[in-house]
Amino acid sequence: EWLSKQKYLETNPFAGVSAPSAENNIKVNHALTPEQMELAITACERLAKDESYFRLRAALILAYGTGLRLSELVSARVAAHQETTGEHNYGLKPSQDESGWDLDVKGKGGKSRLVPVSDRVMDTLSDYMEERGLGRDPCNWPERGPLLATVMTEYKKRVYAGMFLSESTLAKILTQHFEFAATLASSDRDKGRLLSASTHWTRHTFATHALNRGADLDAVQELMGHSSPATTALYSNADRKRKLAAVQLLK
């Protein structure tokens, strides 16, 4: 801009370049270690085994196992059992190769992406659905019903499949649980990280753990719904390991 104002350039060549994506402001340090995440999950076992317990456990493992955003978690549902021409069938449905289950997610900007659901996540969802009186077989779960629902009275359960949670409700549930898990931590560092954790931390944790355990960058990019692989690469510790190796040479 200065060069163009000083007449060194006829025009500013960057005038047509879009501003950096907000994705570049991702706080990748907002991720739990594998041990801290498992502590949060196992802390559920300290709670009464009622519907709230099964929902909390399902929410934690679903969030950690898929990397979904908070808005995507609360809108996650069972897909329609039969496709309708011209209508996108969002939700949990059998994979096209019938090797498992996929969650068809409506992400930012209305973009759709398929997120395969692991056996661990499916087992946890089945436990939760069984507690809700819907059985363990996903094929029998009410179509377009929420994966994470409000707790219903026994009377309402006979009439409704449950209502979708609000973002604020799910965020509060998970934040309070991270605070509870922090009371079980054995170190001040673990306690501090869990006290700071929020729902969005599970998304960062998913990406960080997947990349550090050898997942392909392009696969994690698609799962996260990132527009650029550079954004996904922020979660990898590979650069730090390379830099650490360099400074360790200075003995």
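Our structure's up above, just so we're on the same page.
About the criteria used
- Residues numbered from 1 in each chain as written.
- Predicted model: local features only at pLDDT ≥ 70, side-chain atom pairs only at ≥ 80, totals over all residues.
- Heavy atoms only, no water.
- Helix = DSSP H or I, 4+ residues; strand = E, 2+ residues; numbered from the N terminus.
- Buried < 20%, exposed > 50% of the residue type's maximum accessible area, 1.4 Å probe, protein only.
- Contact = heavy atoms within 4.5 Å.
- Areas by Shrake-Rupley, 256 points an atom, 1.4 Å probe, with all protein chains shown as cover.
- Expected span 1.5 Å × (residues − 1).
- Polar contact = N/O pair within 3.5 Å; in protein donor to acceptor, adjacent residues only side chain to side chain.
- Pairing = 2+ DSSP bridges.
- Axes fitted to C-alpha atoms, helices over the stretch in contact; angles between N-to-C directions.
- Core = buried A, V, L, I, M, F, W, Y, C linked by side-chain atoms within 4.5 Å.
- 1 Å grid on protein atoms, 1.4 Å probe; cavity = no way out; pocket = protein on both sides within 12 Å on 5 of 7 lines; lining within 4 Å.
- Points joined across faces, edges and corners; volume = space filled by probe spheres on them.
- Salt bridge = Lys/Arg side-chain N within 4 Å of Asp/Glu carboxyl O.
- Patch = residues over 30% accessible without salt bridge, like charges linked within 9 Å, V, L, I, M, F, W, Y side chains within 5 Å.

Caption draft 1: View of the overall build of the protein. For the protein, the count of helices and strands is 12 helices and 3 strands. In the protein, which comprises 251 residues, the share counted as buried stands at 39%. Look at the contacts in the protein between residues 6 or more apart in sequence, and 57% of them connect residues 24 or more apart. Accessible surface, the protein as shown: approximately 14,700 Å² in total, 52% of it carbon and sulfur.

Caption draft 2: Broad picture of unusual backbone geometry. The phi dihedral of Glu98 falls on the positive side, at around 60°, and the residue is not glycine. Within the secondary structure, Glu98 is located in the loop between strand 1 (91-94) and strand 2 (101-106). What makes Glu98 exposed here is its relative accessible area of 73%. A positive phi is found at Arg144, a non-glycine position, where the angle reads about 65°. Mapping Arg144 onto the fold places it in the loop between helix 5 (119-131) and helix 6 (154-157).

Caption draft 3: Looking closely at helix 3 (residues 51-66). With 16 residues, helix 3 extends 22 Å between its outermost C-alpha atoms, agreeing within 8% with the 22 Å of an ideal straight helix rising 1.5 Å per residue. Two residues or fewer past helix 3, Gly67 is found with a positive phi of approximately 75°.

Caption draft 4: Fine view of the side chain of Thr202. Note on placement: Thr202 falls in helix 9 (residues 199-212). With a relative accessible area of 1%, Thr202 lands in the buried category. A polar atom in the side chain of Thr202 sits 2.6 Å from the backbone oxygen of Thr199.

Caption draft 5: A look at the sheet that holds strand 2. Sheet architecture is open: 3 strands sit in the order 1-2-3, paired in antiparallel fashion. The open sheet has two free edges, formed respectively by strand 1 and strand 3 (112-117), since each of these has just one partner strand. When the angles between neighbouring strand axes are averaged without regard to direction, this sheet yields 30°. As paired elements, strand 2 and strand 3 share 6 bridges and run antiparallel to each other. Directly across from Leu103, in strand 3, lies its bridge partner Val115.

Caption draft 6: Focus on the nonpolar core. Formed by 48 residues in total, the largest nonpolar core has its most connected members in Leu92, Leu103, Leu147, Leu148, Leu170, Phe178 and Leu194. Here this core takes 10 residues from helix 3, the largest share from any one element. For Leu170, the contacting residues outside a window of four places in its chain are Ala59, Leu70, Leu73, Val74, Leu148, Leu165 and Thr199. Counting 7 residues, the second largest nonpolar core, distinct from the first, contains Phe206, Val220, Met224 and Tyr235.

Caption draft 7: Region of interest: empty space enclosed by the protein. The full count for this structure, using the stated rule, is 2 cavities of 30 Å³ or more. What lines the second largest cavity is simply Ala80, Gln82, Glu83, Thr84, Glu87, His88, Asn89 and Arg144.

Caption draft 8: Broad picture of the pairing of strand 1. Pairing analysis gives 4 bridges linking strand 1 to strand 2, with the strands arranged antiparallel. Bridged to Pro94 within strand 2 is Trp101. Counting the residues in the hairpin turn of strand 1 and strand 2 gives 6 residues, including Glu98, whose phi is positive at 60°.

Caption draft 9: Representation of the pattern of salt bridges in the model. On inspection of all chains with the given rule, the structure shows 10 salt bridges. Connected via shared salt-bridge partners are Glu45, Arg57, Asp127, Glu130 and Arg136.

Caption draft 10: Focus on a nonpolar patch on the surface. Among the surface-exposed residues, Trp2, Leu3, Tyr8 and Leu9 lie close enough to one another that they form a single nonpolar patch of about 480 Å² accessible area. On the secondary structure map, Leu3 appears in helix 1 (residues 2-5). Given the relative accessible area of 41%, Leu3 is considered partly exposed.

Caption draft 11: View of the environment of Ala63. Mapped onto the elements of the fold, Ala63 is located in helix 3. Given the relative accessible area of 0%, Ala63 is considered buried. In this structure, the C-alpha to C-alpha distance between Ala63 and His200, residues 137 residues apart in sequence, is 8.8 Å. Other than its neighbours up to four places away in sequence, Ala63 contacts Leu68, Leu73 and Thr202.

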